[in-house]
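The residues making up each chain are set out below.
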Amino acid sequence: EEWLPLSSSPRVFVRDNFLNKAECDHLRTLALQSGRFRSAFVSNDARSSNAGQAFHRDAQIRGNTHLYLESEDEAASSTLQDVLERMHLAARMPPDSGEKLQIARYRPGERYEMHHDSGPEVGLARPATLIVYLNDVEAGGETIFPLSREVLLQCRPVHHADADGHSRFGIENCCNLRLPELLRVAPREGRAVLFFNHHLLGEKDVRAVHASCPVLSGEKWLAQRWFRFESHFGTASASNMASKALCLDRRCSADGEREQGGILTTMLRARPRVYMFDHALTPDENSRLSSWAASMQPPVAPGQMLEVPQTTGHQDQVLLEQLRKRMHELARVPYADPYEASVTLTRSRAEGLPALEVDHSSEPLVMVLFLHENTSTGTSESDAVGQRPGSLVLPLGICATPAECCGAAGARMQPGPLQVLPKAGRAVLVALRRLDGAPDALASLGAPRSSFVKMDQNWIETGPKLDQNWIATICCFARDV
Ligand SMILES: O=C(O)CCC(=O)C(=O)O
Ligand SMILES: [Fe+2]
């Protein structure tokens, strides 16, 4: 497994060894050498002018120091560029969506009380946050997410009286609690936490509040990337990544991030967002999937679609669910087990945070498609890239302006159909929405005339129906063609 989903509401993922020791050391050294550390609570940058951040200027609320790495730092460090690229790939966020990388440092006693990272109401929308811890902390410093209203209340930045009549302020009251509804991520060198501050359809997820427990002993260092809805230029990494995507469009060699478990992630397009995952299925899964499809009675004709039964008892049920789960994880979309987890989810929604608004329209809906042998997808537009039989050709729309399509390097990029060659175990993810949840007109997939299996209830015969809350499509090839 690669990124481990810890919670589906809010969406929180964790991955160990996201950065290696040398990379962690390098980022800390860059930060120290810059001499730019300053108190988080006296920050007078643009962000402090908004209401949501104003109270963070109180040392009691947030006592650590931090700095931002600048484009000059990026230009001078290929390690930093590489780290940033991997951060964007991991978060499935386009290259131009990142703020400057923040390096933060907490000394004993320093903490950051409960807060939300995003404030669309004040013009600061941050759909996702990626934190990487840069060292091992002797004690304390966990990042915590309250998963129920009860726990949230016990963590609020007010004085809480405990049973003995002692008063404890804010998270100090709840960092000691060992409760199942308190998700706690201990800082470990190289460990990354990815969480989404907005729902898949763009609305702010009020449940994504979190805090940093006080460091009890030692120091805590982290690197933090915030992602924005709107294009957020000014970082060198944006143009590097966009030109790599350009290279892939033109069929250069793949160059992506190899995740744990051997899955190789590559961004094919920034707008709309298209990702390719090699080795998403193991050879064993490919062959089991192929023989399962081949065993269908009556046989599946080329071009015919085949529905995966929802019923339990099918001999390949376990395999199919495992794949479905993996596809969801790759898409960073919460997986709702059709038989169990969805029930659990519904229950936790009903009981968990009754006073908070939960956006039911963001129900995950991802379809998983498998291409079978003897199928030819295709549109005539694909000829320019020399279509091979069975390729997945995505006629990904026409950009109004090149910059709109591909960000910083847009002027050099030719939008047009994207061809993904079939390769056993390869999956392709197309985000159908922009980061703010609006349907991405560039992701109009048309109607690929291939044989697909959709892992939910219905056949898809035409393009995705955005009015039905489609978020993404992900398909995988079980065979080479
Ligand atoms: O230090 C942590 O673990 C969390 C930091 C955080 O939430 C923030 O800086 O916004
Ligand atoms: Fe935060």
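Anything mentioned here points back to the structure above.
What comes next is a walk through the structure. All figures in this text were calculated on a predicted structure; none of them were measured in a lab. (Residues numbered from 1 in each chain as written. Chains lettered and ligands numbered in written order. Predicted model: local features only at pLDDT ≥ 70, side-chain atom pairs only at ≥ 80, totals over all residues. Heavy atoms only, no water.)

Around ligand 1 sit 13 residues in total, of which Tyr106, Thr143, His210, Lys220 and Gln224 are the nearest. Within the contact set of ligand 1, an oxygen atom lies 2.9 Å away from a side-chain nitrogen or oxygen of His210. Contact between ligand 1 and Gln224: an oxygen atom at 2.9 Å from a side-chain N or O atom of the residue. Contact with the protein chains removes 99% of the 290 Å² of surface that ligand 1 exposes when unbound. Going through the elements one at a time, strand S6 (112-115), strand S14 (210-212) and strand S16 (220-227) are the ones with two or more residues in the shell around ligand 1. It is S16 that contributes the most residues to the shell around ligand 1, four residues altogether. When the residues that make up the shell around ligand 1 are grouped by side-chain class, the tally is five nonpolar, five polar and three charged. (Near = heavy atom within 4 Å. Polar contact = N/O pair within 3.5 Å; in protein donor to acceptor, adjacent residues only side chain to side chain. Areas by Shrake-Rupley, 256 points an atom, 1.4 Å probe, with all protein chains shown as cover. Helix = DSSP H or I, 4+ residues; strand = E, 2+ residues; numbered from the N terminus. Nonpolar A, V, L, I, M, F, W, Y, C, P; charged D, E, K, R; others polar.)

Most of strand S7 (residues 128-133) sits inside the fold, with six of its six residues counted as buried. Of the two faces of S7, the one holding Ala128, Leu130 and Val132 and the one holding Thr129, Ile131 and Tyr133 are both buried throughout. The pairing of S7 with strand S13 (residues 192-196) spans five bridges and is classified as antiparallel. In the strand pairing of S13, Thr129 is matched with Phe195. (Buried < 20%, exposed > 50% of the residue type's maximum accessible area, 1.4 Å probe, protein only. Pairing = 2+ DSSP bridges.)

Here we take up the nonpolar core. Phe18, Leu27, Ile103 and Leu130 are the most contacted members of the largest nonpolar core, which totals 30 residues. Mapped onto this core, the elements with two or more residues apiece are helix H1 (21-34), helix H4 (78-91), S7, S13 and S16. The biggest single contributor to this core is H4, with six residues. Excluding its chain neighbours within four sequence positions, the residues that come into contact with Ile103 are Leu27, Ala31, Phe37, Thr65, His66, Leu67, Leu69, Leu134, Trp221, Leu222 and Ala223. Residues Leu200, Leu281, Leu323 and Met327 belong to the second largest nonpolar core, which totals 26 residues. (Core = buried A, V, L, I, M, F, W, Y, C linked by side-chain atoms within 4.5 Å. Contact = heavy atoms within 4.5 Å.)

Moving on, we get to the coordination of the iron ion (ligand 2). Taken together, the protein donors to the iron ion (ligand 2) comprise His115 (NE2), Asp117 (OD) and His210 (NE2), at separations of 2.0 to 2.1 Å. One chain supplies every donor to the iron ion (ligand 2), and in sequence these donors are spaced H-x1-D-x92-H. Placement of the pair is His115 in strand S6 and His210 in strand S14, with a sequence separation of 95 residues. (Donors = N, O, S within 2.8 Å, 3.2 Å for Na, K, Ca; no water.)

Here the structure, examined in full by the defined rule, presents four aromatic pairs. When the ring of Phe13 is compared with that of Phe196, the centres are 6.2 Å apart and the planes differ by 85°; the resulting orientation is edge-to-face. Here Phe13, found in strand S2 (residues 11-15), pairs with Phe196, found in strand S13; they are 183 residues apart in sequence, far enough to count as distant. Taken individually, Phe13 and Phe196 each receive the classification buried, so the pair is uniform in this respect. Above the face of the Trp221 ring, Arg28 is positioned so that its terminal group lies 6.0 Å from the ring centre. Positioned over the ring face of Phe13 is Arg332, at 5.6 Å from the centre of the ring. (Phe/Tyr/Trp six-rings, centres within 6.5 Å; stacked < 30°, edge-to-face > 60°. Lys NZ or Arg CZ within 6 Å of the ring centre and 35° of its normal.)

On to the sheet that holds S6. Across a sheet, paired strands are connected by hydrogen bonds in the backbone, their directions being either parallel or antiparallel. Within the open sheet, the four strands sit side by side as S6-S14-S9-S12. Their pairing is antiparallel. The two strands at the open ends of the sheet, each matched to only one other strand, are S6 and strand S12 (182-185). Taken pair by pair, the neighbouring strands of this sheet meet at an average axis angle of 15°, ignoring direction. (Axes fitted to C-alpha atoms, helices over the stretch in contact; angles between N-to-C directions.)

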